Structure formats: C-alpha cells, structure tokens
Amino acid sequence: MTRRDFLGIALAVALLALVPLVVTANTVLNFLTLALIVALAAQGWNILGGFGGQFSFGHAAFFGTGAYATAILQTRLGVNAWAGFALGIAMGGLAGWVIGTLSFRSGLRGSYFALVTLAFAEVLRILANAAEVTGGAAGLLIRLDVRASNFQFTSRAAFFWVALALVGFALALTRAIERSRFGARLVAIRENEEAAQALGIDSIKVKLAAIALSGAVTAAAGCLYAQHFLFIDANIAYGTWISVEALLAPIIGGAGTTFGPLLGALALHGLGEAAKLFAGRVPGIDLALFGCVLVAAVAFAPDGLLGLARRTRARLARAEA
Amino acid sequence: MYSPAIVAEAVVNGLLTGSVYALVALGLTLVYGVLHIINFAHGALLSCAMFAVWAAHAGLGVDPYLAILPLTPLFFGLGYGLQRFVIGPASHGSDSNILLVTLGLSIAIENALLAAFRSDTRTLSTDYGFQSVEIGPLLVSKPRLIGFAAALAATLVLWLGLSRTDTGKAIRAVAKEKLGARLVGIDVEHVYAVTFGLGCACLAVAAGLLMPTFYVNPRVGNAFVLVAFTIVVLGGMGSIPGALVGALFVGVVESLSGLYFGDSLGQLGIFLIFILVLLARPTGLFGAKA
Amino acid sequence: MLVVDRVGKRFGGLVALSEVSLDVEPGSIVGLIGPNGAGKTTLFAIVAGFLAPTAGRVLFEGRDVTAAPPHERARLGIARTFQIVQPFAGLTVVENIAVGAHLRHARRAEALARAAEVARRVGLGAELDKPASALTVAGRKRLELARALATEPKLLLLDEVLAGLNPSEIRDMVPVIRAIRDEGVTVVMIEHVMQAVMDLCQRVCVLSQGRLIAEGAPAAVCAAPAVIEAYLGHGAADRFREGARA
C-alpha cells in the first residue's frame, strides 16, 4: 500500500470539507449530511456485496442495531454518547458475525442469502416495534443536550464534518481492503467460490470477516443517524428504506469500487430531491424513482457510474488511437 | 387455557387464510420452478392487484368477486409484459442481476402506489362481508369460506392446466431442461413470460378473494409475500402441492400464534420459521435441488 | 505421496467409483485415463476435497485428509485445475494468479510479483494485464495451470489441461508440464490426448465404469486387452489381434 493510494481519498474528503464554508443553508447541509450517512451505510454494504458478491437485502439489521444500541445506552443506561457510538459499531459487527455464521455455515448464497437477510431485518423490526426497551411503536428520543462531549453540536456544519470524517475513514478502509490479501480473497470468492477454495481460501472465514466489517460500518451510519436526528423508531432504524438505499447507492455508483457508494449516494439523493421538486411533496415519489433507476442501472450500466465512466474513457482512448 | 371451540375456530380460520396464502405462494413457486428466479416484486404486484380490486369497487361499484374476471387476464398480461420486456432483457441472464431487477420493480411499484394512493389503509364493504355460516359448533365467515373454496378450485385449475395442456407441458419442459426445450422448438422467452403472467394472474384472483375481508395499503403485499416466501421455502421451491400444504400449515401456525402470543408477534413466528427452514433445508420439504 | 485407499462413491443408486486404490510416488507424473464417464473427475474431486467419498480414505504424505475441506488440502499442498475452466472473470491474468500466490505470500506486492513469475513460466508473460475473460481457450487453460502452480503445491492434479488445444499448443504445453515435475512437483493428469500421456507419464492408471482396470507403464497399459475393450467395446481386443495377424 502506497501513499498514492490514499491521495485520491484525501483530496476528495478535503474538497467536500470545504462545502459547509460555501453553503450555509441548513436545509442543504441537512440534506448533504443525510446523504453522507447513507453513503456510510452503503460503504458497509459494499464490503460484503460489492467486493464479496454476497447481496444483502436486509442491511437495515445493522443500521438499526447501531442506532438502537447507542440510543438505548444513552437513554436507559446513561452511557456517554461517544462511548455509545463505539459500542454501537461493535454491536453492528457482532450482529454481522451472528447473521453471517448462521447463513454462511448453512451454505446460503445468492437469492437464498438475500432472502434470509431480509427476514432477519424484518424480525428485528418487529421485535423493536413491540419491545419495551426500544420504546415500542413510539420509538426512542435521545435527550437534547447540545455539547460536543455529548456528540451533539449546535452547528449543522459540525455534523457534516463528523459524517464526512467517518465516510473518509470508510473510504480509506475500503481502499486498504482493496489492496490487501483479504480483499483479493474476497473478490475471488465473489467471482468463483469453488475455484477460490481450491486455491486455499477458507471462504466461510473470509465471508464472516467481511460481514462483520460490513455490519460495523453500516452500524456506524445508524449511530450517526440517531445522534443527528435524536429520534428513531422501528421503521426508521430497521426499515426497508435503508436496506434499499444501502444497496442501491453502491450499485448505482459502482459496486466493488472505493468511491462507488459515495458517488451513488450523492447521485441518488440528488435525484430524489429533484424528483420532489418536480412532483411536489408526494410521499414515495423519490423511492419509486429509485426503483426505476435500479432497473435501468442493471439494464444499461451494471457496473455503475464509475464503470460507465471507465468504459467511456476507454472508448475515447481507442477512438483517438 | 382456551376452550377447544376457540382453538378449533383459530385452526379453521388458519385454514381459510392459508388457502389464500396458497394462491399467493403458487405464483411465487411457479416462477421459481420455471424461471429459477425469486421474484422479489411479487408482494408489490399483489398490492397492485388489491388496489385494482378496491378501485374497481370504489370507482365502478364492481363486486370484488366479479372483479376477478377482468382483472385476471389483465394481470396475466401485465406479468407477461414485465417478464418479456423488462425483467428478461434487463438482467442479461445473470442471476444477481435478476435479483436486483425484481427488487427494483418491487420498490418502484410499491412507491408508485404510495404516491398514488397515500399510505392510508382502505377497505371495501360488501353485503356479505360480515355474514357468517354455521359449521357444527363453529361460526365461520362466509366470504372467507368462499375464498377457501375458490382458492382450492383455482389451484386445481392451475394444476390441471399444467399437466394436461400443451402450454402446461411446455412450461414443465422448460422448468426441467431449458436447453433441451429450446432445441425442440419451444420458445423459451415466451414460456418464461407466460409463467410470470400466470403468477400474476394468481395474484389477481387472490386479491379478489381477499378484499371482502381484508384491507389494502401500499405495504400490504409485502406482509403477504414474506409469508408466501416462507411457504414456498417450507413446501419446496417449485412444488405446487408443497405450496398448498405449506400454505395451510402456515395459515394455522399464524392463527394459533396470534391466539397465544397476540397479533404483533404473530408474524414473528412466521419469520422465525422462515429463517429456520432456510438455514436447515433451503430447498424445502418437498422441493427439488436448489 | 498420495494414497487413495479403496475409495468408493455413490450418488443415490449410481455407483461412480468402486474400490479404487492408487499409490502416487513423489516426483512422478501419473496419467489417469479411461473412457468418458469412468469417474476420473469424480476421483479428482474426492482427492481435492470437493466431494466426500462414501467409502475409503485419502492419505496425503501419510496424513488422512479424507475429511479435510478443499482449502485445507490446498494449504497442505494439493492443487487442482478444473476440467471446465473457472477463471475469475472480472480480474486480470496477473490478479487471477495472485489469488493463488497469496496462499504463501501475504503481501500484495509480493504475491503479484510471484504471480508474474509463474505467468512467464507457463507462457502468459505477455498478457499479465489482460482481463481473464478476454483470453483464448489455450490462454485460459494456461491461466488455470498458473493459478494452481502459484499455490506452490506438492501435488498437482491436472484435469484435461490439454483438452481443446490444437497440436501446436499441445506441443508447447508438454514441456511446461515436464518442467513442473522437474522442479519437484508430483503430477497426476487426467488426459485423453494419448500422445501427451505416452510422452509425459511414467505410470498410467486406467479407470473404467468406476473401477481401476489397469496400471503400469504407458505402452504396456495401452496394449492391454482390458483397456482396449474399455474404450472400444467388448471383443475389440480380439478383433485387433485378428486384424494384426491378417
């Protein structure tokens, strides 16, 4: 791993960090922060789905676990918000490991794996909606207590920068994976699991590591959401919306790439806002559009925006030659 | 704890619900058995069908059972078109792509319904909606009894169609051996589309049978389809008798868990069974190899 | 090095292998031949760990590996190629081979360097950055071989690595395989290309309908009546003898 690998990431993060200095409208900052939170969740998905080829349709399971973990720790046990954040991430990783152990050791792949992840997310949602500790259907409110030590900030820009820092960290993590033996093995499993096994790769162990990492990163997004909005309920934390967006963003941006999820999340949310502008505040318009975009992406740009860019560049290079 | 009469009633109710679940599950298992894809859009399509029945009643005063007549061919056509012109071409044959395309369709349809009808739950009322029939010591809802009979009849029709007609044979041929079927001149793309169409047609019938006693909102199909997934996985991917038996079983389990554990956790029992079956035997109790 | 001890395999009612026993000496090239459907690839799958035998054991360097999963056997030193080539289609040639090299080298740069070396040995040196999906059939066979070699195996199982190659490509591959043996790797090869079998193998085992029907030096085995009959049918051996006399 060279310093050059991380230069691109540092540049991108630095550029984005300038945004709150230029844009001061709170609505825009909120919008961008949410996009970054989704990007972070998507980066988690990307590790398992993009690099590992195991498509999870229930990443809400990790998002919600992170969100509820930090919320419950703060509201019911008085734990410090930053500690709650760290613990939430750990819980997400654990959830990943548990779901992975159950699914991968039973040999579930492809559609079956997607189905079981969907079921796990739904089970958690039903439980969270009914249980007392999670506030049941009413949800959980984190007490407003604006102090940096409490992970709550007065300025929207501060949240933006925290989210950006986490996204930047996830970008670096993804790049590190991409250039490592773990990453090479993960990708080999995606391409052909049997051939990978024949080359000495313990595919279950590798997939478990991937899902644990994936769960941890997506849980971080959940924790961030909880801190930013200070309210979660079962449909927000474990709802299909985040399972969908965490999957859609990498597919649109380019699954299995470092920048894909970030690009995809920004594109998707931009598209969603544009849709709302044209069609008014009709609920569901943005997601309906996302569904169509997913179909179109698979049909015309299966390797996402980055793949499209790569192919166009190659075509232009050939045309010049 | 509960008197035998109450438990018996729960069981009977479970069977009645199960029969309609069977119709929903049939579409899913048929599509899997022939196209070897898990149609994630099945739930959204059911919501669509149920809204269609509701709209026909609210707008034109059409009785839900009668609405089945025009809606079945309509949804057959919709399903045919979706497979032939959207799912088939978009996926370029790759399994993971098909997964994503049906997911995309599911999101698009569900949210389009949300945009059009908002999230309010709607019901329709008919004269016979609350009528009941006495069977021995039990009081059974009349429309649900009709639903039971009609669902079984529809299953039988589908089963006969698949075993006796030429199209049915073509469908079974493609399910068994796609390349061989193509080599003997069967238009596989057409068969795929017909199968998908049949799956959607089943949904139209199920919607008409459900609406007199049920409600509809854009998310309702999801609840049904996750149950349908459980049934298909339990009864076997691609097995029609499996879907029927599984559906009746799941209907009874759901009814009894609702009785003993309360409504909010009733669905939980089903998902847990779902996860357990997936982990233990993904091909189900009757199904072919995955 | 490799001992296959009375291995049997049934799939439901179908008996794919029955009482197959083999002994492979280290440093040799052993050929495994037989008509289609004889069970050769099934035997490879059992030795490599992808299938469990219904009877018998597999011993590698004295150790019972019958229950060991494929990745563990690879770590112990058993590598195999697949009859239907399985490249990592989305990766380049060198990235493909590096996956194998990573078994023994943790660092990426090292693995890539070793992969490039192995690629040059099998003749893929000029195509390192080409996507695997863009290779010809011969190229993919070499890639398959290179990937297995990169794991630095002690035993290499080659499943029809010459199938689908034209005569000049075969002529190019044979010395590569010999060179592999010369470096100390034991090779067992399933082959239908008889010329290569005669050229390379010190010993040949013949499988027919799940049973080992002959074993020995290539020339002797190929002339054995039982072997001729296995390929050409009942009575063929006699017809040959009569034809030779006439």
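Since this is a predicted model, take the numbers as computed values, not measurements.

(A) Layout of the pairing of strand β2 (residues 14–24) of chain C. Relative to β2(C), strand β1 (residues 2–11) of chain C runs antiparallel, the two sharing seven bridges. Across the sheet, residue C:Phe11 finds its bridge partner in β2(C), namely C:Leu14.

(B) Geometry of the arrangement of the chains. Ranking the two pairs of chains in contact by contact count places chains A and B at the top. Nowhere do chain B and chain C come into contact; their C-alpha atoms are at least 14 Å apart.

(C) Here's a closer look at the packing of helix α4 (residues 81–105) of chain A against helix α9 (residues 203–229) of chain A. Relative orientation of the contacting elements α4(A) and α9(A) amounts to 145°, with a least axis distance of 7 Å. Our pair here, α4(A) against α9(A), has a crossing hand that is right-handed.

(D) Spatial organisation of the interface of chain C and chain A. Contacts between chain C and chain A engage 22 residues on the former and 18 residues on the latter. Buried area between chain C and chain A, both sides added, is near 1,800 Å², and the carbon and sulfur share of it is 63%. Among the residues of chain C in contact with chain A, C:His71, C:Phe88 and C:Val99 are the three that bury the most area, contributing 28% of the side total. Where chain C packs against chain A, one counts zero salt bridges.

(E) View of the environment of B:Lys142. All names here are of chain B. Along the chain, the position of Lys142 falls in helix α5 (residues 142–164). Accessibility expressed as a relative area gives 31% for Lys142, which makes it partly exposed. With 51 residues separating them in the primary sequence, Lys142 and Ser91 have C-alpha atoms 44 Å apart. With near-sequence residues (within four places) excluded, Lys142 lies in contact with Gln131, Ser132 and Val133.

(F) Representation of the packing of aromatic side chains. Taken as a whole, this structure holds 20 aromatic pairs over all chains when the rule is applied. Look at B:Phe214 and B:Tyr215: their rings are 4.7 Å apart centre to centre, the planes differ by 15°, and that puts the pair in the stacked class. The class for B:Tyr215 is partly exposed, based on a relative accessible area of 36%. Grouping aromatic residues by their ring pairs yields a cluster made of A:Trp82, A:Phe85, A:Phe151, A:Phe153 and A:Phe159. The ring of C:Phe82 is capped by C:Arg80, whose NZ or CZ atom sits 4.2 Å from the centre of that ring.

(G) Structural detail: the sheet that holds strand β6 (residues 78–80) of chain C. All names here are of chain C. Overall, mixed pairing links the six strands, which are arranged β6-β7-β8-β3-β9-β10 in an open sheet. The open sheet has two edge strands, β6 and β10 (211–216), and neither has a second partner. In this sheet, neighbouring strand axes are inclined to one another by 20° on average, regardless of whether the strands run parallel or antiparallel. Pairing between strand β3 (residues 29–33) and strand β9 (residues 203–208): four bridges, direction parallel. Bridge pairing in β9 links Leu32 to Cys205. Across the face of the sheet, helix α6 (residues 167–182) comes into contact with β3, β7 (155–159) and β8 (186–190) while running at roughly 145° to β8. Its contacts with the sheet put helix α9 (residues 225–232) on β3, β9 and β10, and the angle it makes with β10 is roughly 130°.

(H) A look at the interface of chain B and chain A. Across the contact, 37 residues belong to chain B and 36 residues belong to chain A. Across the interface of chain B and chain A, roughly 3,200 Å² is buried in total on both sides, 84% from carbon and sulfur atoms. Viewed at the interface, chain A and chain B are joined by three residue pairs in polar contact (both at pLDDT 80 or more). Listing elements by their share of the side of chain B that touches chain A, those giving two or more residues are α3 (64–91), α4 (95–117), α9 (220–235) and α11 (263–280) of chain B. Looking at which element gives the most residues to the side of chain B that touches chain A, the answer is α4(B), with 14 residues. Among the residues forming the side of chain B that touches chain A, the class breakdown is 28 nonpolar, seven polar and two charged.

(I) Inspection of α4(B) at higher detail. Residues and elements named next belong to chain B. The end-to-end C-alpha separation of α4 is 33 Å, in line with the 33 Å expected for 23 residues at 1.5 Å each. Burial within α4 is extensive, with 18 of its 23 residues counted as buried. Positive phi appears at Arg118, one or two residues downstream of α4, with a value of about 60°.

(J) Representation of the sheet that holds strand β5 (residues 63–64) of chain C. All names here are of chain C. The sheet built from four strands is open, its strands ordered β2-β1-β4-β5 with antiparallel pairing. Edge positions in the sheet fall to β2 and β5, since each of these pairs with one other strand and no more. For strand β4 (residues 55–60) and β5, the ladder comprises two bridges, and the chain directions are antiparallel. Bridging from a neighbouring strand, Phe60 pairs with Arg63 of β5. Contacting β1, β2 and β4, helix α1 (residues 40–48) runs over the sheet at an angle of about 115° to β1.

(K) Broad picture of the confidence of the model for chain C. Per-residue confidence for chain C gives a mean pLDDT of 88; residues scoring 70 or more make up 97%. Scored as a whole, the predicted complex attains pTM 0.88, and scored at its interfaces, ipTM 0.87.

(L) Quick look at the pattern of salt bridges. Scanning all chains against the criterion turns up 20 salt bridges over all chains. Between C:Arg114 and C:Glu117 there is a salt bridge, with the nearest N and O atoms lying 2.8 Å from each other. Residue C:Arg114 and its partner C:Glu117 are both found in helix α4 (residues 108–122); the two are separated by three residues, about one turn of the helix. Through salt bridges with shared partners, a single network forms among A:Arg109, A:Glu193 and A:Lys207.

(M) Broad picture of the side chain of A:Arg175. In this structure, A:Arg175 sits in helix α6 (residues 156–178). Non-local contacts of A:Arg175, meaning those with residues more than four positions away in its chain, are made with A:Asp5, A:Phe6, A:Ile9 and A:Thr258.

(N) Quick peek at unusual backbone geometry. Positive phi, normally seen in glycine, also occurs at B:His36, with a value near 60°. Secondary-structure assignment places B:His36 in the loop between α1 (4–35) and α2 (42–60). Overall, the relative accessible area of 42% leaves B:His36 in the partly exposed class. Backbone geometry places C:Glu61, a non-glycine residue, at a positive phi of 50°. By the element assignment, C:Glu61 lies in the loop between β4 and β5. For C:Glu61, a relative accessible area of 43% translates into the label partly exposed.

Conventions we followed
- Residues numbered from 1 in each chain as written.
- Chains lettered and ligands numbered in written order.
- Predicted model: local features only at pLDDT ≥ 70, side-chain atom pairs only at ≥ 80, totals over all residues.
- Heavy atoms only, no water.
- Pairing = 2+ DSSP bridges.
- Helix = DSSP H or I, 4+ residues; strand = E, 2+ residues; numbered from the N terminus.
- Contact = heavy atoms within 4.5 Å.
- Axes fitted to C-alpha atoms, helices over the stretch in contact; angles between N-to-C directions.
- Left-handed = near helix turned anticlockwise from the far one by under 90°.
- Buried area = accessible area lost by both parts, 1.4 Å probe.
- Salt bridge = Lys/Arg side-chain N within 4 Å of Asp/Glu carboxyl O.
- Buried < 20%, exposed > 50% of the residue type's maximum accessible area, 1.4 Å probe, protein only.
- Phe/Tyr/Trp six-rings, centres within 6.5 Å; stacked < 30°, edge-to-face > 60°.
- Lys NZ or Arg CZ within 6 Å of the ring centre and 35° of its normal.
- Polar contact = N/O pair within 3.5 Å; in protein donor to acceptor, adjacent residues only side chain to side chain.
- Nonpolar A, V, L, I, M, F, W, Y, C, P; charged D, E, K, R; others polar.
- Expected span 1.5 Å × (residues − 1).
- pLDDT = per-residue confidence, 0-100.

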